[in-house]
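Summary of structural features
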Amino acid sequence: MERGALRQKLIITNGEYGEFDQWLCGEGGFLREGGGATLLVCGKSFRSLPVCRYFEGLGRRPGVKLVMFDGFEPNPLYGSVVKGAKVFHSNGCRSIIAVGGGSAIDVAKCIKLYVEGNLADKGGDPAAVPGPVKLAAIPTTAGSGSEATRFAVVYRDGEKQSVMDDGCVPSLVLLDGSALKTLPEYQRKATMLDALCHGVESFWSVNSTKESREYSRKAIRTVMENREGYLANQEEGNANMLLGAHWAGKAIHIAQTTAGHAMSYKLTGLYGIAHGHGAALCVSRIWPYMLSHREKWADPRGEGHLDSVFEEIASAMGCTGGLEGAALFGEILRDLCLGAPVPKEGDFGLLKKSVNPVRLKNSPVELDEEVFDSLYRQMLAH
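Keep in mind the model is a prediction, meaning the values are calculated, not measured. (Residues numbered from 1 in each chain as written. Predicted model: local features only at pLDDT ≥ 70, side-chain atom pairs only at ≥ 80, totals over all residues. Heavy atoms only, no water.)

A few points about the pairing of strand S2 (residues 37–42)
- Within S2, 6 of the 6 residues are buried, which leaves it mostly tucked inside the rest of the structure.
- Residues Ala-37, Leu-39 and Val-41 of S2 are buried on one face, and the alternating residues Thr-38, Leu-40 and Cys-42, pointing to the opposite face, are buried as well.
- Note: S2 against strand S3 (residues 66–69), 4 bridges, orientation parallel. Bridge pairing in S3 links Val-41 to Phe-69. (Buried < 20%, exposed > 50% of the residue type's maximum accessible area, 1.4 Å probe, protein only. Helix = DSSP H or I, 4+ residues; strand = E, 2+ residues; numbered from the N terminus. Pairing = 2+ DSSP bridges.)

Concerning the packing of aromatic side chains
- For the coordinates displayed, the defined rule picks out 10 aromatic pairs.
- Centroid distance Trp-204 to Trp-287: 5.6 Å. Interplanar angle 80 degrees. Geometry classified as edge-to-face. With Trp-204 in helix H5 (residues 185–204) and Trp-287 in helix H9 (residues 275–292), this residue pair connects regions lying 83 residues apart in the sequence.
- Since its relative accessible area comes to 0%, Trp-287 is described here as buried.
- Here the aromatic cluster, defined as three or more aromatic residues joined through ring pairs, consists of Tyr-17, Phe-20, Phe-46, Tyr-54 and Phe-55. (Phe/Tyr/Trp six-rings, centres within 6.5 Å; stacked < 30°, edge-to-face > 60°.)

Brief notes about the packing of helix H8 (residues 259–271) against H9
- At a closest axis distance of 8 Å, the pairing of H8 and H9 adopts a crossing angle of 130 degrees. Of the possible angle classes, the one that applies to H8 and H9 is oblique. You can see that H8 and H9 cross each other, and the crossing is right-handed. When H8 is examined against H9, the residues Ala-259, Gly-260, His-261, Met-263, Ser-264, Tyr-265, Leu-267 and Thr-268 are found in contact with a partner set consisting of His-275, Gly-278, Ala-279, Cys-282, Val-283 and Ile-286.
- The class makeup of the residues in the contact of H8 with H9 is 8 nonpolar, 6 polar and no charged. (Axes fitted to C-alpha atoms, helices over the stretch in contact; angles between N-to-C directions. Parallel < 35°, antiparallel > 145°, perpendicular 65-115°, else oblique. Left-handed = near helix turned anticlockwise from the far one by under 90°. Contact = heavy atoms within 4.5 Å. Nonpolar A, V, L, I, M, F, W, Y, C, P; charged D, E, K, R; others polar.)

Everything listed is a geometric property; what it means functionally is a separate question.
Quick look at the structure:
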């Protein structure tokens, strides 16, 4: 059975919150049904955003109790999830709203699963609450698409833990273009690349379906058509890039990511670069490799399917043919002036053995350590 479209209420705005407020506070709304306080999981940029002033006013209304939690890291730790769950329990919360980038939304997802008793290895921590916990998300970067997926990432004992559960998908999503106005330039570029990588990788994933490829197509087209306005911090470009990242999130919700992400995680940890930057470096090398090694196809739908997918990706980018699409992707990365980190020779042994096997198995062309070593050396060459 195909994994179908998400059941979400999606609201798109640019600093106006009337419709969102109605869904939160109206009859049978998000904050009214079930009662209790609401845990507001906030990223570090929260206080500088227009939506912060909306929540400040909301918190002063009779019958509304908002409890802020921002005690987590850019790469969130399991301990922060436990800490957030204790804040949730001690304040009698019954719902969660996440405002921030992928880390804030991932923490909120994990807190929801934890307090519902659906996150493994809880030990003797607070007992599960009765019934499901409502979750809403307001992304403040146009990249991760976490507001549209069943995935979350948390780090425990220095190791990345991937969480996958349909129960952590937010039921209410606000895409607010005004949230991107103060986004730093590097983060702006890196998150856009993350959205584009999501669109491309989900398109060629062995798990792709007709539905997911349509989301991938929408994502790629939206990113390509709006990248100049978005990079110039224009209102329309910001709003549309959020939507492009959301489409990409819906695509990976079904199809998942592939070798680009599998290879990127160690780059991010080893060199301190942004996730989208690392993923784009990897995709820029994997894409030409797959085009020249299609005989190693690993998708049961066959080499012909893979050929048509490469053509469709190129078409969504406004190109003719797979080679032109891969070349344009590399050109976009170069134009953003996001160079590669400078490696030490010993790094390559670490990198080639670090590739995430869960993401790797979704790739449509067979890859091994020898290939990884070659690709890392190409992308990190100076």
